[in-house]
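A closer look at the structure
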Amino acid sequence: MREGLIRPGMELDLPHTDHGPRDGTPIILLHGFPLDHAMWAVQERALAAAGFRVLAPDLRGLGKGPMAKGPGSMADHARDVLRLAERAGIRRFALAGFSMGGYVAFEVARQAQDRVLGLALVDTRAEPDSEEARKGRRATLEKVRAQGIQPVVDAMLPKMLVAKDHERDVEAMMKRTRPEGAILALEAMRDRRDAFDVLRAFPRPILIVVGEQDPITPPDAARAMAQATKDARLVVVPGAHLTPVESGDAVAEAMVEWGRALR
Ligand code: MLT
């Protein structure tokens, strides 16, 4: 689809991987910013091996996701995810969202709660940006417009991981982000809504995972989400923000267990 033909509010076809048995319970993995679907490699493998059908898209503007006109919004991301499910012939699915992917998952649940079998919320938060955070987003947007993605990489990489093992791969993934796609994502994150209402009303299994040293979406934000729900399972794992990479097996294990509770 040519960018010039894309209207705001129009849903887009997301490129995605699709692993595991066709008749397995579908789980859609939503990545964070400024990353792509590859951040879920360990969980994708574990869930597929456990019998789930696992789809991992690149969101619009990120990874190999299609570019769109701005301003970016979570509502648009959610419509893209619903379209992905329709194209894959899936009516009901569970969602795992890491950080920005969690914000997208909340918006999908807001738009189509009946279709969401469960939520795995990984290093994310339900509250919207504070005034201070919105100011920060605006400053980041300006930097990306002027200098490209590098200032975002410089600011975020030290917060992603405690250990150095995966640093080069994660840095390369971040650096591949197109500046115009980063702008779309930053606008959508800046303008996202409070999601506690979605969380309180969600009637199916919720897993919350957080890195014990996550400086971006810290354990307190995870605990606030857990307290807002009736019976979410909260799992604290070693590491900073990017726990699906840094503590891949522990996150995968918690997700497989959550997946087994989905109906
Ligand atoms: C992410 O990891 O997706 C973002 O850092 C989340 C955010 O900036 O709010």
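Everything in this summary refers to the structure shown in the same document. (Residues numbered from 1 in each chain as written. Predicted model: local features only at pLDDT ≥ 70, side-chain atom pairs only at ≥ 80, totals over all residues. Heavy atoms only, no water.)

1. Here we look at the side chain of Thr-177
- Secondary-structure assignment places Thr-177 in the loop between α6 (167-175) and α7 (179-190).
- Accessibility expressed as a relative area gives 4% for Thr-177, which makes it buried.
- At 2.8 Å, the side chain of Thr-177 and the backbone oxygen of Met-174 are in polar contact.
- Discounting residues that sit within four places of it in the chain, Thr-177 has contacts with Pro-34, Leu-62, Ile-149 and Ala-182. (Helix = DSSP H or I, 4+ residues; strand = E, 2+ residues; numbered from the N terminus. Buried < 20%, exposed > 50% of the residue type's maximum accessible area, 1.4 Å probe, protein only. Polar contact = N/O pair within 3.5 Å; in protein donor to acceptor, adjacent residues only side chain to side chain. Contact = heavy atoms within 4.5 Å.)

2. Considering the pattern of salt bridges
- Enumeration over the complete set of coordinates arrives at 24 salt bridges.
- Between Asp-18 and Arg-22 there is a salt bridge, with its nearest N and O atoms 3.0 Å apart.
- Residue Asp-18 is classed as partly exposed on the basis of its relative accessible area of 26%.
- Among the ionic contacts, a cluster of salt bridges with common partners joins Glu-131, Arg-134, Arg-138, Arg-190 and Asp-191. (Salt bridge = Lys/Arg side-chain N within 4 Å of Asp/Glu carboxyl O.)

3. Details of the packing of aromatic side chains
- Applying the stated criterion across every chain, the model contains 0 aromatic pairs.
- Stacked on the ring of Tyr-103, the Lys or Arg Arg-192 has its end atom at 3.8 Å from the ring centre.
- A cation over an aromatic ring shows up here: Arg-204 above the ring of Phe-202, its NZ or CZ 5.5 Å from the ring centre. (Phe/Tyr/Trp six-rings, centres within 6.5 Å; stacked < 30°, edge-to-face > 60°. Lys NZ or Arg CZ within 6 Å of the ring centre and 35° of its normal.)

4. Things to note about the site of the ligand
- In the vicinity of the ligand, the contacting residues are Gly-32, Phe-33, Phe-98, Ser-99, Met-100, Tyr-103, Arg-137, Met-156, Met-189, Ile-216 and His-241.
- The backbone of Phe-33 places a nitrogen or oxygen atom 2.8 Å from an oxygen atom of the ligand.
- Here an oxygen atom of the ligand and a side-chain polar atom of His-241 are 2.8 Å apart.
- Relative to its unbound accessible surface of 270 Å², the ligand loses 93% to contact with the protein.
- Of all the cavities here, the one that holds the ligand is the largest pocket.
- Taken together, the residues of the shell around the ligand break down into 7 nonpolar, 3 polar and 1 charged. (Near = heavy atom within 4 Å. Areas by Shrake-Rupley, 256 points an atom, 1.4 Å probe, with all protein chains shown as cover. 1 Å grid on protein atoms, 1.4 Å probe; cavity = no way out; pocket = protein on both sides within 12 Å on 5 of 7 lines; lining within 4 Å. Sits in = over half its atoms within 2 Å of the grid points. Nonpolar A, V, L, I, M, F, W, Y, C, P; charged D, E, K, R; others polar.)

5. Thoughts on the packing of helix α4 (residues 131-147) against α7
- Remark: α4 packs on α7, axes separated minimally by 10 Å, with the N-to-C direction vectors making an angle of 170°. Considering their axes alone, α4 and α7 lie roughly antiparallel with respect to each other. Counted together, Arg-134, Arg-137, Arg-138, Thr-140, Leu-141, Val-144 and Arg-145 of α4 and Pro-179, Ala-182, Ile-183, Leu-186, Glu-187, Met-189 and Arg-190 of α7 form the full contact between these two elements.
- For the contact of α4 with α7, the per-class residue count stands at 7 nonpolar, 1 polar and 6 charged. (Axes fitted to C-alpha atoms, helices over the stretch in contact; angles between N-to-C directions. Parallel < 35°, antiparallel > 145°, perpendicular 65-115°, else oblique.)

6. Some remarks on the nonpolar core
- Counting 87 residues, the largest nonpolar core has Phe-33 and Leu-95 as the members making the most contacts within it.
- The leading source of residues in this core is helix α3 (residues 100-112), at 8 residues.
- In this structure, Leu-95 is in contact with Ile-28, Leu-30, Val-81, Ala-105, Val-108, Val-116, Gly-118, Leu-119, Ala-120 and Trp-258, ignoring residues within four places of it in sequence. (Core = buried A, V, L, I, M, F, W, Y, C linked by side-chain atoms within 4.5 Å.)

7. Quick word on the sheet that holds strand β5 (residues 116-122)
- Reading across from one edge, β1-β3-β2-β4-β5-β6-β7 is the order of the 7 strands in this open sheet, with mixed pairing throughout. Looking at which strands have only one partner, the edges of the open sheet turn out to be β1 (16-19) and β7 (233-237). Taken over all neighbouring pairs, the strand axes of this sheet differ in orientation by 15° on average, direction set aside.
- Two strands pair when backbone bridges link them, and strand β2 (residues 26-30) and strand β4 (residues 93-98) are joined in this way by 4 bridges, in the parallel orientation. Bridge pairing links Leu-30 to Gly-97 in β4. (Pairing = 2+ DSSP bridges.)

8. Some remarks on the environment of Leu-14
- The topology assignment puts Leu-14 in the segment before β1.
- A C-alpha to C-alpha distance of 17 Å links Leu-14 and Gly-102, two positions 88 residues apart in sequence.
- When sequence neighbours within four positions are dropped, the list of residues in contact with Leu-14 reads Pro-57, Asp-58, Leu-59, Arg-60, Pro-66, Asp-80, Val-81, Leu-84 and Arg-87.

9. Some thoughts on the layout of surface pockets
- Of the voids in this model, the largest pocket is the one considered here, and its volume is about 650 Å³.
- Considering the residues around the largest pocket, the lining is formed by 25 residues, among which Arg-137, Thr-140, Met-156, Lys-159 and Ile-216 are closest to the centre.
- Looking at the lining of the largest pocket, its residues break down into 13 nonpolar, 6 polar and 6 charged. (Points joined across faces, edges and corners; volume = space filled by probe spheres on them.)

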